[in-house]
Amino acid sequence: SPGDDLAGRRVVVSAGGTREALDPVRFLGNRSSGKQGYAVAAEAALRGAHVTLVAANVDLATPPGCEVVRVESALELQEQLTGLVSAGDVDVVVMAAAVADFRPRHYVGTKIKKSHGDGDESAPTVELVRNPDILAGLVAARGESRTPYVVGFAAETGDESGDVLHHARAKLERKGCDLLVANEVGGGKAFGQDDNTVHLLRPGTQEVVTVGPATKAAVATAIWDTVAPELR
Ligand code: C5P
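Residues numbered from 1 in each chain as written. Predicted model: local features only at pLDDT ≥ 70, side-chain atom pairs only at ≥ 80, totals over all residues. Heavy atoms only, no water.

(A) Here's a closer look at the site of the ligand. Around the ligand lies a shell of 13 residues, among which Met95, Ala97, Pro132, Leu135 and Lys171 are the nearest. One of the side-chain N or O atoms of lysine 175 is found 2.9 Å from an oxygen atom in the ligand. Compared with its free state, where it exposes 450 Å², the ligand has 86% of that area covered by protein. Cavity membership is defined here by more than half of the atoms lying within 2 Å of grid points; on that basis the ligand lies in the largest pocket. (Near = heavy atom within 4 Å. Polar contact = N/O pair within 3.5 Å; in protein donor to acceptor, adjacent residues only side chain to side chain. Areas by Shrake-Rupley, 256 points an atom, 1.4 Å probe, with all protein chains shown as cover. 1 Å grid on protein atoms, 1.4 Å probe; cavity = no way out; pocket = protein on both sides within 12 Å on 5 of 7 lines; lining within 4 Å. Sits in = over half its atoms within 2 Å of the grid points.)

Next comes the structure, spelled out in structure tokens:
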């Protein structure tokens, strides 16, 4: 039993994948199911935390003891997360959501038409703009206080696991988070699956904890086993 080592803690978990609207019926999206984020939230609640899930396009049952806030796009996700964190007393933010790096520059308020007249075979060009890096923003905003503790995820498509770890280490340094959970994706790995292999990396140590192949629940347990003792 995990016990209650998160009793009294406030935890915010983002999960799922953002959708960036092109028009009222179309969006740019990704294959994140939200399962790993939901497992992280469920485990935190079991350990006594007060958990808010910020869920982007997730079709899963709400884990016992968790509150859910639904969002669609990266900008909505950012708004909800910064709102929760700036309201104060959040101890841990886990960024498990797959956030779109880009969104269409223009939202078209009516369904984009295939053709503008007889014989029109043209196709539109979609211009994209960058989305904010929400995780990096949370780290920057907390400044010297180091609160909340911030956990990032990294979906890496390296060929060899050495590659994955190399990229993950660089990402940990770049994002400035306290824990990076790196997992291999592609080739049917991770996205939408029930099992996952992850590597847990922390700043200031070369130590790597590898978990899996394991259920996403077991991965969640390993994450909280790592994070809980680090909370002040
Ligand atoms: O850089 P990359 O997208 O691989 O980083 C993944 C991590 O950063 C995840 O924790 C994800 O939730 C977060 N992220 C974010 N905002 C973005 C892109 C990713 O917070 N625009």
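The discussion continues.
(B) Up close: unusual backbone geometry. Looking along the chain, the bond that leaves threonine 147 and enters proline 148 is cis, with omega of 0°. Relative to the elements of secondary structure, proline 148 occurs in the loop between helix H3 (134–142) and strand S9 (149–156). Each neighbour pair has its own omega, and for glycine 212 with proline 213 the value is 5°, a cis peptide bond. Relative to the helices and strands, proline 213 is located in strand S12 (residues 208–215). A positive phi angle, near 60°, is found at asparagine 57, a position not held by glycine. Mapped onto the elements, asparagine 57 comes out in the loop between strand S4 (50–56) and strand S5 (66–71). The class of asparagine 57 is partly exposed, set by a relative accessible area of 24%. (Helix = DSSP H or I, 4+ residues; strand = E, 2+ residues; numbered from the N terminus. Buried < 20%, exposed > 50% of the residue type's maximum accessible area, 1.4 Å probe, protein only.)

(C) Fine view of the UniProt feature "binding site: CTP" (unreviewed entry) in the protein chain. When the UniProt feature table is mapped onto this chain numbering, "binding site: CTP" (unreviewed entry) sits at Asp101, Lys111, Pro132, Asp133, Ile134, Leu135, Phe153, Lys171 and Lys175. A maximum C-alpha distance of 38.1 Å among these annotated residues, which run over 75 residues, shows that they spread across the structure rather than meeting at one spot. Within the annotated group just given, the residues that line the largest pocket are Asp101, Pro132, Asp133, Ile134, Leu135, Phe153, Lys171 and Lys175. Note on placement: proline 132 falls in the loop between strand S8 (128–130) and H3. Here proline 132 is in contact with Leu75, Gln78 and Arg103, once residues within four sequence places are set aside. Within the secondary structure layout, leucine 135 lies in helix H3. Overall, leucine 135 belongs to the buried group, its relative accessible area being 6%. Those residues in contact with leucine 135 that lie beyond four places of it in its chain are Met95, Val150, Val151, Gly152, Lys175 and Cys177. (UniProt positions renumbered as here; feature names shortened; annotations may be inferred. Contact = heavy atoms within 4.5 Å.)

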